[in-house]
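# Fold and contact review
Now for the letters of each chain:
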Amino acid sequence: MSSQMCKSASRVIRSLLSASKNSRFCSAEGRAVAAAAAVSVDSKVPLLASAYGSGGSANASRGWLPGVFALPVAAYMVQEQEAHAAQNERTFIAIKPDGVQRGLIAEIISRFERKGFKLVAIKITVPSKEFAQKHYHDLKDRPFFNGLCQFLSSGPVVAMVWEGEGVIKYGRKLIGATDPQRSEPGTIRGDLAVVVGRNIIHGSDGPETAKDEISLWFKPQELVNYKSNEEKWIYGVN
């Protein structure tokens, strides 16, 4: 369903629900069908038949009812798309100098791609130590802060922004625990790293962190908005 069709269906549904409050549309059948048209995402089934009960009105079935037969399905698809848009989020992922030097860029990117996440920004850069200090500002009181910043600025870093439903939380699962020895097999660190000081990758740990890190590493114009042809196969959005 196109975006314009979804918007039209949404307007019709709202009008239908609004009309159900008017005196000329206050029958039980009218109210029931209006409710059926605004089918809940949780129900997963457009229960149009239940709008009239087992002995539905013959006048309703011969009158305006066929004209709104497609509305429950349209409502369901509109709500599915709205839910998809609401859940979509972005996270910051960086391949550290050790991951770059070991030639793991393609391996790491492929894991996010195979999961179904979408790459919307990428660049390779050598951050200054001052920049690294901004990135790790929340760790400035830790004894390892200076060494951490020195390492991040020691070579090229691949900075990326990934988009998708649950990408922040699940991105962390793909990465694995900070200590590779405690990371599960199948995670990036669990499969590709050995010690904490060389754990090859960084990922935002929450929505606010993701927002701050993305704005630190990228300018707004460097973030690309586009629709992937694979999304309908990943999310089931038509």
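Residues numbered from 1 in each chain as written. Predicted model: local features only at pLDDT ≥ 70, side-chain atom pairs only at ≥ 80, totals over all residues. Heavy atoms only, no water.

### Digging into the layout of surface pockets
Estimated volume of the largest pocket: approximately 680 Å³. If you trace the largest pocket, you find 28 residues lining it, with K96, Y136, L139, L148 and H202 closest to the centre. It is helix α11 (residues 207-217) that contributes the most residues to the lining of the largest pocket, 4 residues altogether. Tallied by class, the residues present in the lining of the largest pocket amount to 8 nonpolar, 10 polar and 10 charged. Volume-wise, the second largest pocket comes out at about 190 Å³. Lining the second largest pocket are 16 residues, and of these G116, F117, K118, L119 and S228 lie nearest its centre. Contributions of two or more residues to the lining of the second largest pocket are made by β2 (118-125), β3 (157-165) and α12 (231-234). By residue class, the composition of the lining of the second largest pocket is 6 nonpolar, 5 polar and 5 charged. (1 Å grid on protein atoms, 1.4 Å probe; cavity = no way out; pocket = protein on both sides within 12 Å on 5 of 7 lines; lining within 4 Å. Points joined across faces, edges and corners; volume = space filled by probe spheres on them. Helix = DSSP H or I, 4+ residues; strand = E, 2+ residues; numbered from the N terminus. Nonpolar A, V, L, I, M, F, W, Y, C, P; charged D, E, K, R; others polar.)

### What about the UniProt feature "binding site: ATP" (unreviewed entry) in the chain?
As recorded in UniProt, the sites labelled "binding site: ATP" (unreviewed entry) are K96, F144, R172, T178, R189 and N199. Lining the largest pocket, from the set of annotated residues above, are K96, F144, R172, T178, R189 and N199. Summarising the element assignment, F144 is placed in the loop between α7 (129-135) and α8 (145-152). Residue F144 is classed as partly exposed on the basis of its relative accessible area, which comes to 42%. (UniProt positions renumbered as here; feature names shortened; annotations may be inferred. Buried < 20%, exposed > 50% of the residue type's maximum accessible area, 1.4 Å probe, protein only.)

### Thoughts on the pattern of salt bridges
Where charged atoms of side chains with opposite charge meet at close range, the side chains can pair. By the definition in use, this model includes 7 salt bridges. The salt bridge partner of E231 is K118, with a shortest N-O separation of 2.9 Å. Pair noted here: E231 is in helix α12 and K118 is in strand β2, with a separation of 113 residues, a long-range link. Given the relative accessible area of 11%, E231 is considered buried. The structure contains a network of salt bridges with shared partners spanning R90, K118, E163, K227 and E231. (Salt bridge = Lys/Arg side-chain N within 4 Å of Asp/Glu carboxyl O.)

### Overview of the nonpolar core
In terms of nonpolar packing, the biggest core is built from 20 residues, with I108, F112, W162 and I201 touching the most fellow members. Of all elements in the fold, only β1 (88-95), α6 (105-115), β3, α9 (167-175) and α10 (188-192) reach the threshold of two or more residues within this core. With 4 residues, the single largest contributor to this core is α9. What I108 contacts, discounting residues up to four positions off in sequence, is I95, I188, I200 and I201. (Core = buried A, V, L, I, M, F, W, Y, C linked by side-chain atoms within 4.5 Å. Contact = heavy atoms within 4.5 Å.)

### Structural notes on the environment of V126
Along the polypeptide, V126 turns up in the loop between β2 and α7. Between the C-alpha atom of V126 and that of S154, which follows or precedes it by 28 residues, the distance is 7.5 Å. Each residue touching V126, except ones within four places of it in the same chain, is listed here: S153, G155 and P156.

### A closer look at the UniProt feature "active site" (unreviewed entry) in the chain
Taking the UniProt record as the reference, the feature "active site" (unreviewed entry) is found at H202. With respect to the element layout, H202 can be found in strand β4 (residues 201-203). Those residues in contact with H202, other than ones at most four positions away along the chain, are F92, I93, A94, K96, H135, I175, R189 and E213.

### Section: unusual backbone geometry
One non-glycine residue, I200, lies in positive phi territory at about 65°. By secondary structure assignment, the location of I200 is in the loop between α10 and β4.

### Quick notes on α6
Here α6 has its buried residues at I108, I109, S110, R111 and F112. Those residues of α6 hidden inside the fold are in contact with β1, β2, β3, α9, α10 and β4. Just past α6, the residue G116 takes up positive phi, approximately 115°.

### Considering the confidence of the model for the chain
Residues of the chain with pLDDT of at least 70 account for 63%, and the chain-wide mean is 78. Taken as a whole, residues 19-70 scores under 50 in pLDDT and shows 60 contacts with residues more than four places along the chain or in a different chain. (pLDDT = per-residue confidence, 0-100.)

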